[in-house]
Amino acid sequence: MTSPIRVLDARAANRWADAGALIFEYMGATQEELGLPVPASVDELPARMRDECLDPASVYRVPGVFLLALHDDRPVGGVGLKPVPGTDALKVSRLYARPDHRGGTGKLLMEHAHAYAARQGFARLVLEVMPQRHQVIGLYRRLGYTEVKREEQHRAFRMLSMERLITPV
């Protein structure tokens, strides 16, 4: 029998190093998907991305959070939530599950993200996802996310914007 995956707040558990490692893995996987060189270390990332890996606490400040999925006390996935200034929304960032823990970890993390947003009084979760990530887009749709129009973003590649309303607790 395998032990269940549990989800916790990286801040409350003082597990920021685990959060930073997962964020770095997410960034490397994204670079690979885009056909860009995969960084061998955090030092090879642009400054903004490097800072997020080295100091995730500064990016996911309260009322934001970085949720960690743990299996046998080892980090296997994570997702960040940060407030969108001037709105009633939290932005979902860096949803990631290690390859050997895919097929349920992302859904579990997002369910915890929804509950966290409700407890904090946010009305919506918003996110951007690369359109070629069909599997995770399917997950988001099954969880109640819909596509929304956003103002044109200044990115090197196109992103799909989605949001989900949060039921207050």
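Just so you know, these numbers come straight off a predicted model, no measurement behind them.

Trainee: In this structure, what is going on with the nonpolar core? I would like to understand it.
Mentor: Nonpolar side chains in soluble globular proteins tend to be buried together. Grouped together as the largest cluster of nonpolar side chains are 29 residues, with contacts concentrated most on Val92, Leu125, Tyr140 and Tyr145. Of all the elements, helix 5 (residues 105–120) adds the most residues to this core, at six residues. What Val92 contacts, discounting residues up to four positions off in sequence, is Val79, Gly80, Leu81, Met110, Leu125, Val126, Leu127, Tyr140 and Tyr145. In terms of nonpolar packing, the next biggest core, distinct from the first, is built from 18 residues, Ala10, Met27, Met49 and Tyr60 among them.

Trainee: It is not clear to me how the sheet that holds strand 1 (residues 6–9) should be interpreted in this structure. Could you clarify?
Mentor: As a general point, the strands of a sheet are linked pairwise by backbone hydrogen bonds and lie either parallel or antiparallel. Judged by pairing direction, the sheet is mixed, and its seven strands sit side by side in the order 1-2-3-4-5-7-6 without closing on themselves. The open sheet is flanked by strand 1 and strand 6 (146–147), the only strands paired with a single partner. Note: strand 1 against strand 2 (residues 65–71), four bridges, orientation antiparallel. Bridge assignment links Val7 to a residue of strand 2, and that residue is Ala69.

Trainee: Can you help me understand the environment of Val169 in this one?
Mentor: Following the sequence through the fold, Val169 ends up in the segment after strand 7 (160–165). On the accessibility criterion, Val169 (78% relative accessible area) is exposed. Sequence separation between Val169 and Gln31 is 138 residues, and the spatial gap between their C-alpha atoms is 38 Å. Those residues in contact with Val169, other than ones at most four positions away along the chain, are Ala118 and Arg119.

Trainee: I keep staring at the packing of helix 2 (residues 16–33) against helix 3 (residues 47–54) and nothing clicks. Help me out?
Mentor: What describes two packed helices is the angle between their axes and the distance between those same axes. In contact at an axis separation of 7 Å, helix 2 and helix 3 are set at 145 degrees when each is read in the N-to-C sense. Where helix 2 abuts helix 3, its residues Gly20, Ile23, Phe24 and Met27 lie against Met49, Glu52 and Cys53. By residue class, the composition of the contact of helix 2 with helix 3 is five nonpolar, one polar and one charged.

Trainee: Sorry if this is basic, but what is going on with the pairing of strand 7 here?
Mentor: Two faces, one strand: in a regular strand the side chains alternate between the faces of the sheet. Pairing analysis gives six bridges linking strand 5 (residues 124–129) to strand 7, with the strands arranged antiparallel. Along strand 7, the bridge assignment pairs Glu128 with Ser161. Judged from the two bridges that link them, strand 6 and strand 7 form a sheet pairing that is antiparallel. Counted as the bridge partner of Glu147 is Met162 from strand 7.

Criteria and thresholds
All residue numbers here refer to positions counted from 1 along the written sequence of the relevant chain. Local features in a predicted model are, by the rule used here, given only for residues with pLDDT of at least 70; side-chain atom pairs are given and counted only at 80 or more, and totals for whole chains, interfaces and linings are based on all residues. Heavy atoms from the whole structure form the basis of all side-chain values; hydrogens and water molecules are not counted. For this analysis, a nonpolar core means a set of buried residues of the types Ala, Val, Leu, Ile, Met, Phe, Trp, Tyr and Cys, connected via side-chain atoms within 4.5 Å. Think of it in three bands: residues with accessible area under 20% of the maximum for their type are buried, residues over 50% are exposed, and the middle band is partly exposed, with areas taken using a 1.4 Å probe on protein chains only. Here a strand is any run of E in DSSP of at least two residues, a helix any run of H or I of at least four, and the numbering for each starts at the N terminus. Between two residues, a contact is recorded if the distance between any of their heavy atoms is within 4.5 Å. In short, DSSP must find at least two bridges between two strands for them to pair. Orientation is described by axes fitted as lines to C-alpha atoms, over the contacting stretch for helices, and by angles from 0 to 180 degrees between their N-to-C directions. For this classification, Asp, Glu, Lys and Arg are treated as charged, while Ala, Val, Leu, Ile, Met, Phe, Trp, Tyr, Cys and Pro are nonpolar and the rest, including Gly, are polar.

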